[in-house]
Amino acid sequence: MIPRHLEWLGMSHLITALILYGYLIPISLYVSIEVVKVLQATFINQDILMYDEETGTPADARTSNLNEELGQVDTILSDKTGTLTCNQMDFLKCSIAGTQYGASSSEVELAAAKQIASDLEDGDSDLSNFPLRHRKAQVSWENIDKVDEIELETVVTSKGDEDQKHAIKGFGFEDDRLMNCNWLQEPNVDDILLFFRILAVCHTAIPELNEETGGFTYEAESPDEGSFLVAAREFGFEFCRRTQSSIFTRERISASGQVVEREYKLLNLLDFTSKRKRMSVIVRDEEGQIFLLCKGADSIIFDRLSKNGKAYLEATTKHLNDYGETGLRTLALSYRRLEEKEYSDWNNEFQKAKAAVGADREAMLERVSDIMEKELILVGATAIEDKLQKGVPQCIDKLAQAGLKIWVLTGDKMETAINIGFSCSLLRQGMKQICITTNSDSVSNDTKQAIKDNILNQITNATQMIKLEKDPHAAFALIIDGKTLTYALEDDVKLQFLGLAVDCASVICCRVSPKQKALVVRLVKQGTGKTTLAIGDGANDVGMIQEADIGVGISGVEGMQAVMASDFSIAQFRFLERLLVVHGHWCYKRIAQMICYFFYKNIAFGLTIFYFEAYTGFSGQSVYDDWYMILFNVCLTSLPVISLGVFEQDVSSEVCLQFPALYQQGPKNLFFDWYRILGWMANGLYSSVVIFFGTVLIFYEQAFRVDGQTSDLASLGTTMFTCIIWAVNCQISLTMSHFTWIQHLFIWGSIVTWYLFLMMYGALSPNLSHSAYHLLIEALGPAPIYWATTLLATVACILPYLVHISFQRCFSPMDHHIIQEIKHYKKDIEDQSMWVRESSKARQETKIGFTARVEAKIRQLKGKLHKKQSFLNILSPVRT
Amino acid sequence: MMDMTSSKDGQSPPNSKKTSKKPKYSKFSQQELPAWKPFLTPGWVIATFTAIGIIFIPIGLASLFSSGKVVEAEFRYDETCLSPDVAKDAVAYIKSDTTNKTCTHKWIVEQKMQAPVFIYYQLENYYQNHRRYVKSRNDKQLWRKSAELQTDHCDPVDKTEGKEPIVPCGLIAWSMFNDTYKFSIDNKDLTINKKNIAWGSDKNSKFGHEVYPKNFQSGGLIGGAKLNESVPLSEQEDLIVWMRTAALPTFRKLYGKIESDLEVNDEIEILIQNNYNTYEFQGRKKLVLSTTTWIGGKNRFLGVAYLCVGGLSLFCAIGFILLYVVKPRPLGDPSYLSWNRNPGILK
């Protein structure tokens, strides 16, 4: 039908052109990417190493279109409770009367001490020659790192053992000196007794008898308090009953295990508030003595000690510092003996204050309480572990080495957040903590603007301080609370705030509302323009999970809201390492390579159609049979590219985990930058030119067979198409570095399929096959020039890429190239120390994480050693 | 303690249910299938480039040699066959039924041409690959007599004014080439074999034995050749050759074969019947005589291209050998890892 109308003609021509040139726009790319991403997601779901045995949940990729972004994450914003911690407090250590009880010293110290020891061993025992020794220590670096690796391993395993031993929830204490009434043999029996009594009496909890076991469980205001009571019970001071006026305990004070029930008359209870940071009870014991028992934040208690109550102050302070460094929550315990007269005088005041009505009642109560909580005698201190989820410090360590920034956003109060910061190694001693706060007293007085100015001022000062810092090892931590954040997130302050936060090694936001979590995520996402990942477990994290580029929900414990809102759900925080460093890295590279290749393939193919148009007067005639064009993207080239996107591995998963620095290829976007995309496009352009003009010039006008026949449209198009199939499939085999039988089947199978198709198509009746009838068998197959053209075009097409990758691998190899070579020559087995050394060096310079902390400790110890050394050096001439 | 056990008891039913969610271990699902992980070692690089060179250069030489053995002669006759008086209005001349369109051409054989010598006509600036031209045919009608009424796609050369179907219909057949050539040496005619110039499959499976031309070139517009209505389409090899549309606007089609050798200095007189109108669209017509070898007709490009690629490849091989000598990099040397090369960036 010849179109009679110009409009119709124009339209039909336009549509013809759109269909023909559609190959330049890789629409099939979308389909292939979807398929690939779904398969990648299946592999994530199937990963047995991300399956949590305890809760029975596997990892779940809930959306499949973010796989490659997993490999490009820059900042992780994490919730605390339920994500990093289990929301369970364990009584771990205590310091009574200046003596420290509780097993295992801090892991960090342990690791650092061992490392230093081996450093000294390997180095030189000749201590008088320090610089030389130091240099030798550098040489023996590899051994140190080996120790370091081993250290980390043992820490992990020993942790696991501990977990199994502590069957009692809330009690992780291990020290036989205090257990089973052994404390009666300790020197300060009285203090220990008092310590236990404070634990058992000074609280607001209610006991619940468990019918089955006969034991007690406790309903406490906070998990800390619960763990105190559990600890007291284990020490033999079981809190068993509370009445309106009394507290009853069952005490086992003799070695025989005889249990005595004692009653403490509860006279007053001075409540805990966040401002007071302490609580006290005033009790009268069975002997009629009145005690004030007080527990509270160490700083508060220390200020209130009497002159003769400071006997253990120094020792206790040291212990508290150690605990704080390890990330334990500490409280100091103290008491005061009251005379009857003194108490009744005060009680009158107190009752008056209690009875008062009016605005200043609170203030009065506080003032009166304050009068009583003085002249305290320090007994000791407790250390409670906010129990981290399994593997969290190791995971954070690895993620930090992979160059990821980790922010903690928590609704908890600042102290808790800081403690967790320490136990996760996000904070360490010697890190400069920048606390940005608003002075809560002045809130009512100051105007909003004044507060804001104040905050801005703090931010600028801190930024200035960081800029002026000379020490390359100096690390800063930013800690900010929710109230301040309200101001800091306002439009005119937020960029300064972000600037400061980005300069800090760790950022901890505490007391933040769910909305603020989302706002912080948005600020990071938009302000830095980098990929953010939010991870959380509860309903309060939904906002930030949705706001972040990638939302990860911890499945299992706290309901499903976070999981429902998330893109990926995992059962444990520690699986994040594998999700990002292995799957993220692979998926990123796979998708990047796949897209680049797709551009190449479609440009190479689409342009030949375009060139041919120039020879047909742009009439819309295609050089290829319609079926070739349909099958090109559907089955002749799609499976190899899918196998590239699904199965390609530059290095194995173990290597990904051993060399966290490889992860940075993603955030730096080394595989999908413009240089690479344009390079592939240029390669496609080159291939199209070679194939089209090569074939045209070879088949131009003369006979292409010995029988004298000249080529027609069908034979030229089929030859060209054969060249393209060969070229693109050989090209993809050069891009891949990992061939399982699947890749082999798909790539070489695609080429075979093409010939099979051509044969079958040609065998159909001419009504169906038209000009392709018997084409391969009769016309092309017997013509040597057909095969010669295929070989020539294929080799000519891949030659530049081959030169490029040969050159690149030889003269500017990338990390994964070297690692592939090491693996291939089994150098990692022959020279294990090299392998361990490299894998420990393969990390981004980070100031957070366990390893960074160990290094900081080493620097500190070395510094000390150095001082000592120089001191000795000064002394030595005098001695001799 | 009992508390623990009770809670464990409470968990056990869901536990057994949950274990079913545990992914099953297989090398495939854990992405641990055994794999071949090749990479380009210097040895492989050099070997590959050398091998390409070693394979390509002989192929190139062989095809150049073969191409050189082909003897080819070509004359453009669309202009020479116009006598000066008609050259001004060539279109009117060629369209007229009355003018004498024979012209002769004398040609002395310069190189010996061994039988069979293929005779081609070559048309230039002739868009046989235009989409609407390519479409303008009906394969069913060509194959079966019963389908002679099927003239879809053949518009405007589908039916006569009396609505009778045209066989073969369509523009391709309608525009069939109709110049003829006669060769004679010393007034002795050379026989031109016009059998088996088309593809066997076309004759046997596409053009029917029982389909005879009908109403062909009987309309108002006369295109090219007329067909003998008593010869079935399967025997009309000129038509079959013509109906294989060419890919490019310059193309050759086989006219026939001379099955005797042409000796050097043979003086051949060619009698050309110059009927086909290419003057209207500035097309050119050529007559080509050529022998063939295994690579077909004369084409130096294939050989040159093979030599170029092979030469470049050898050059690359030498280049890489030199580079590896000048700047060797031990394989798997960890000092090339980025954190060792740029200690500033990484630790």
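- Where an unreviewed UniProt entry is consulted, chain B appears under the name ALA-interacting subunit, with the organism given as Medicago truncatula.
- In its Subcellular location (unreviewed entry) section, UniProt records this for chain B: "Membrane".
- The record in UniProt for chain B states the following under Sequence similarities (unreviewed entry): "Belongs to the CDC50/LEM3 family."

- An unreviewed UniProt entry lists chain A under the name Phospholipid-transporting ATPase, with Medicago truncatula given as the organism.
- Reading the Cofactor (unreviewed entry) entry of the UniProt record for chain A gives the comment "Mg(2+)".
- Taken from UniProt, the Sequence similarities (unreviewed entry) comment for chain A reads in full: "Belongs to the cation transport ATPase (P-type) (TC 3.A.3) family. Type IV subfamily."

1. As for the packing of aromatic side chains
And step 1. Enumeration over the complete set of coordinates arrives at 62 aromatic pairs over all chains.
And step 2. Seen from their ring centres, F605 of chain A and Y624 of chain A are 5.2 Å apart, and the 20° between their planes marks the pair as stacked. Note that F605 of chain A is positioned in helix α20 (residues 575-615) and Y624 of chain A in the loop between α20 and α21 (626-636), a separation of 19 residues in sequence. Across the pair, exposure class does not vary: F605 of chain A and Y624 of chain A are buried alike.
And step 3. An angle of 75° between the planes, with centres 5.7 Å apart, marks the rings of Y126 of chain B and W242 of chain B as edge-to-face. Taken as a pair, Y126 of chain B in the loop between β3 (117-124) and α5 (131-135) and W242 of chain B in helix α9 (residues 237-243) lie far apart in primary sequence, 116 residues in all. An identical accessibility class is assigned to Y126 of chain B and W242 of chain B; each is buried.

2. Considerations on the UniProt feature "transmembrane region" (unreviewed entry) in chain B
And step 1. UniProt feature "transmembrane region" (unreviewed entry): in the numbering of this structure it lies at residues 44-66 and 304-326 of chain B.
And step 2. Its end C-alpha atoms 33 Å apart, residues 44-66 of chain B is made of 100% helix and 0% strand.

3. Details of unusual backbone geometry
Residues and elements named next belong to chain B.
And step 1. With omega at -5°, the peptide bond leading from A115 into P116 counts as cis.
And step 2. Inspection of the secondary structure puts P116 in the loop between β2 (102-108) and β3.
And step 3. Cis geometry marks the peptide bond from V167 to P168; its omega dihedral reads -10°.
And step 4. For P168, the position within the fold is in the loop between α6 (139-143) and α7 (171-174).

4. A short note on the state of the cysteines
And step 1. Overall, the coordinates contain two disulfides over all chains when judged by the stated rule.
And step 2. Each sulfur of the disulfide joining C81 of chain B and C103 of chain B lies 1.8 Å from the other. Placement of the pair is C81 of chain B in the loop between β1 (72-76) and α3 (84-87) and C103 of chain B in strand β2, with a sequence separation of 22 residues. For the pair C81 of chain B and C103 of chain B, one class covers both residues: buried.
And step 3. Covalently, C154 of chain B is tied to C169 of chain B through a disulfide, its sulfur atoms 1.9 Å apart. Placement of C154 of chain B in the loop between α6 and α7 and of C169 of chain B in the loop between α6 and α7 is noted, with a sequence separation of 15 residues between them. Each member of the pair, C154 of chain B as well as C169 of chain B, carries the same accessibility label: buried.
And step 4. Assigning the bonded cysteines of chain B consecutive numbers by sequence position, one obtains the connectivity 1-2, 3-4.
And step 5. Residue C510 of chain A stays outside any disulfide, its sulfur separated by 7.4 Å from that of C509 of chain A, the closest cysteine.
And step 6. For C510 of chain A, a relative accessible area of 0% puts it in the buried group.

5. Brief notes about α21 of chain A
And step 1. Looking only at α21 of chain A, the buried set comprises Y628, M629, L631, F632, N633 and L636 of chain A.
And step 2. Sitting at the amino-terminal end of α21 of chain A is D625 of chain A, which places a side-chain oxygen 2.9 Å from the backbone nitrogen of W627 of chain A.

Parameters at a glance
Residue positions are counted from 1 within each chain, in the order its sequence is given. Each chain is given a letter, starting from A, and each ligand a number, starting from 1, according to the order in which they appear as written. Where local features are concerned, this predicted model is filtered to residues with pLDDT of at least 70; where side-chain atom pairs are given and counted, the filter is 80 or more; whole-chain, interface and lining totals use all residues. Side-chain figures throughout are based on the complete set of non-hydrogen atoms in the structure, without hydrogens or water. UniProt positions are given in the numbering used here, feature names are shortened, and annotations may be inferred rather than shown by experiment. Side-chain rings of Phe, Tyr and Trp (the six-membered ring for Trp) are treated as a pair once their centres are within 6.5 Å; stacked means planes under 30 degrees apart, edge-to-face means over 60, and tilted covers the remaining angles. Only DSSP runs of H or I with at least four residues qualify as helices, and only runs of E with at least two residues qualify as strands; both kinds are numbered from the N terminus onward. Partly exposed describes any residue whose relative accessible area lies between the buried limit of under 20% and the exposed limit of over 50%, with all areas from a 1.4 Å probe on protein chains only and scaled to the type maximum. When two cysteine sulfur atoms are found within 2.5 Å, that pair is recorded as a disulfide. Polar contacts here mean pairs of N or O atoms no more than 3.5 Å apart (in protein, one a potential hydrogen donor and the other a potential acceptor; neighbouring residues in sequence count only if both atoms are side-chain atoms).

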